[in-house]
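Structural description and commentary
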Amino acid sequence: MRLLEKYNDNASPITHIRMNKLKIENRKSKIIKIIGIGNILMADDGLGVYAVEELNTKINKKDIDVIDGGTGGYSLLNILEDSKKVIFIDAVDMGLPPGTIKRFLPEQLKAIISDNKRYSLHKTDITEVIRMASLFGVIPQFIIFGVQPKIIKKKIGISEEIKRKMPELIDLVFNEI
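Everything in this summary refers to the structure shown in the same document. (Residues numbered from 1 in each chain as written. Predicted model: local features only at pLDDT ≥ 70, side-chain atom pairs only at ≥ 80, totals over all residues. Heavy atoms only, no water.)

On to the pairing of strand β2 (residues 64–68). Where strand β1 (residues 31–36) and β2 come together, five bridges link them in parallel fashion. Within β2, the residue paired with I32 across the bridge is I64. The β-α-β motif built from β1, the intervening helix α2 (residues 47–58) and the parallel element β2 has right-handed crossover chirality. (Pairing = 2+ DSSP bridges. Helix = DSSP H or I, 4+ residues; strand = E, 2+ residues; numbered from the N terminus. Right-handed = clockwise from strand over helix to strand, strands pointing away.)

For the structure shown, the criterion picks out seven salt bridges. Across the salt bridge formed by E128 and R131, the nearest N and O atoms sit 2.9 Å from each other. Here E128 pairs with R131, and both are found in helix α5 (residues 126–135), just three residues apart, close to one helical turn. Given a relative accessible area of 23%, E128 falls into the partly exposed group. Note that E160 is salt-bridged to K163, the shortest N-O span being 3.4 Å. Of this pair, E160 and K163 both sit in helix α6 (residues 160–176), three residues apart, which is roughly one turn of the helix. Look at E160 and you get partly exposed, because its relative accessible area is 46%. (Salt bridge = Lys/Arg side-chain N within 4 Å of Asp/Glu carboxyl O. Buried < 20%, exposed > 50% of the residue type's maximum accessible area, 1.4 Å probe, protein only.)

In C-alpha cells, the structure reads:
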C-alpha cells in the first residue's frame, strides 16, 4: 500500500495511518536510497540531479537505489517507504561560499533555518517531507548533503564552482554507503 493512496471509504484516516505503519514495521528494509533534489532549469539548483546522474554510473549494487527526485515534494514519500537509509543531495542556501558542502542530520538542518526562512529552494523542503514520513511510521536513517549554490536563475547547467566540488560530493556520498 502506498503512503499517498486515497483512504479506504470505510476506514478513518487514523486507521489508515496505523495500517500503513504496521505494514512498514513488518517489512525488512534493505534498501539505501540516494535522492538528488533540484531543478536542472535553474542552474546550481539542479546540482542534486546532476550528482545522482554521476552516481548512477558508479554504483552497481542491488541494495542501493539512485533516484532523481526532481523538485521533491510529497511525491517523495512513496520513494522513502522501504528504505533503511536515505541520503538526500540538494542545493542549500546556507550563506556560505559557493560550493561549500555540509552534511546534516534532519535535526541539525533545523539549526540553519531562521524564523521564517526555509533553507530549501523548493516548494516543499526536505525537512517537511521527513516530518511527514515519520507521521506515517517511515523512519529510516536520513542524511542530507547540502551544497551552497552560486547561481540560481533560469539556466541549464551548473556553475564552475559546483562542477569543481562534484568529485568531493560524490566521495562524501560514497563514504555513507
